[in-house]
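# Breakdown of the fold
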Amino acid sequence: MGSTYSMLTQYDIEEVQEYCNNLFSQQEIVSLYERFCQLDRNSKGFISSDEILSVPEFAMNPLSHRLLKMVDGLNFKDFVAFLSAFSSKANIRQKIELIFKVYDLDGNGKVTFSDVLEVLRDLTGSFMSEEQREEVLSHLLKEAGYAKTSSLLLDDFIKILDYPCLRMEVEIPVD
């Protein structure tokens, strides 16, 4: 795609659109490219974790350190692919796959009780005791048919989270 600040060609836009499963329109891809260029302050062609942390909403997110590991060093195509899970056109499975990656920090394809507990710690801080977190998580797993000792694979995670009433509407504005 040339240097970071060159204009995207129609071919580049279509290539990125295909790479992200057509979850963004061509105009959205152009907007995302402009934002990517703003974040890539040194015109390296990729964005660093420091550059991502310059987005206040990202820096304030209690899971930002987990997300940073997923986005550090992304080039534009991979940046758009990462953001595609936040698209209003993304299906529930695509959104759950991203959530699974957030929980599966070591990338072994499994989410354990302790992995989920660690995310709960990040999300709840001092608002819940460790005992309360463990109790809530144990109950959730039991309701879903799993034990504390279970390792959840992506399909298990989807089974637990894929309910018609579950809405996952975190989206990235591209305008």
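Predicted, not measured: the structure shown is a model, and the values here were computed from it.

For the chain, the count of helices and strands is 10 helices and zero strands. The burial tally for the chain puts 39% of its 175 residues in the buried class. Of all intrachain contacts in the chain linking residues separated by at least 6 positions in sequence, the fraction that spans at least 24 positions is 59%. As displayed, the chain has an accessible area near 10,300 Å², and 54% of this comes from carbon and sulfur atoms.

What the rule picks out here adds up to six aromatic pairs. When the ring of Tyr33 is compared with that of Phe76, the centres are 5.0 Å apart and the planes differ by 85°; the resulting orientation is edge-to-face. Here Phe76 lies in helix H6 (residues 76–83) and Tyr33 lies in helix H2 (residues 26–39), a separation of 43 residues in the sequence. The two residues Tyr33 and Phe76 agree in class, both being buried. Summarising the aromatic geometry, the rings of Phe36 and Phe79 are spaced 5.3 Å apart at their centres and angled 55° between planes, so their arrangement reads as tilted. In this pair, Phe36 sits in helix H2 while Phe79 sits in helix H6, placing the two residues 43 residues apart along the sequence. A cation sits over an aromatic face here: Lys44 above Phe46, 5.2 Å from the ring centre. Note that Lys77 overlies the ring of Tyr19, its terminal NZ or CZ placed 4.6 Å from the centroid.

Looking now at the environment of Ser138. Relative to the assigned elements, Ser138 resides in helix H9 (residues 130–143). In this structure the C-alpha to C-alpha distance between Ser138 and Lys148, which are 10 residues apart in sequence, comes to 6.2 Å. The contact partners of Ser138, leaving out residues within four places of it in the chain, are Phe113 and Lys148.

Attention now moves to helix H7 (residues 92–103). End to end, H7 covers 17 Å across 12 residues, agreeing with the expected 16 Å (1.5 Å per residue, within 8%). Along its buried surface, H7 packs onto helix H5 (64–71), H6, helix H8 (113–124) and helix H10 (154–161). For H7, the capping residue at the N-terminal end is Asn91, with a side-chain oxygen 3.0 Å from the backbone nitrogen of Arg93.

Turning to the side chain of Asp104, a few remarks are in order. In this fold, Asp104 is placed in the loop between H7 and H8. Buried charge without a salt bridge: Asp104, with Arg66 as the nearest opposite-charge side chain at an N-O distance of 8.2 Å. Of note is the side chain of Asp104, whose polar atom sits 3.2 Å from the backbone nitrogen of Asn108. Beyond its immediate chain neighbours, meaning those up to four positions away, Asp104 contacts Gly109, Lys110 and Val111.

A separate point is the pattern of salt bridges. Evaluated as defined, the whole model comprises 10 salt bridges. Arg66 is paired through a salt bridge with Asp122; the nearest N and O atoms lie 3.2 Å apart. Of this pair, Arg66 sits in helix H5 while Asp122 sits in helix H8; the two residues are 56 residues apart in sequence, bridging distant segments of the chain. Using a relative accessible area of 1% as the deciding quantity, one classes Arg66 as buried. A relative accessible area of 24% means that Asp122 is categorised as partly exposed. The salt bridge partner of Arg93 is Asp155, with a shortest N-O separation of 3.8 Å. Taken together, the residues Arg93 in helix H7 and Asp155 in helix H10 connect sequence positions 62 residues apart. Judged by its relative accessible area of 38%, Arg93 falls in the partly exposed class. Several salt bridges converge on common partners, so that one network encompasses Asp40, Lys44 and Glu51.

So, how was this worked out
Residues numbered from 1 in each chain as written. Predicted model: local features only at pLDDT ≥ 70, side-chain atom pairs only at ≥ 80, totals over all residues. Heavy atoms only, no water. Helix = DSSP H or I, 4+ residues; strand = E, 2+ residues; numbered from the N terminus. Buried < 20%, exposed > 50% of the residue type's maximum accessible area, 1.4 Å probe, protein only. Contact = heavy atoms within 4.5 Å. Areas by Shrake-Rupley, 256 points an atom, 1.4 Å probe, with all protein chains shown as cover. Phe/Tyr/Trp six-rings, centres within 6.5 Å; stacked < 30°, edge-to-face > 60°. Lys NZ or Arg CZ within 6 Å of the ring centre and 35° of its normal. Expected span 1.5 Å × (residues − 1). Polar contact = N/O pair within 3.5 Å; in protein donor to acceptor, adjacent residues only side chain to side chain. Lys, Arg positive; Asp, Glu negative; His and termini not counted. Salt bridge = Lys/Arg side-chain N within 4 Å of Asp/Glu carboxyl O.

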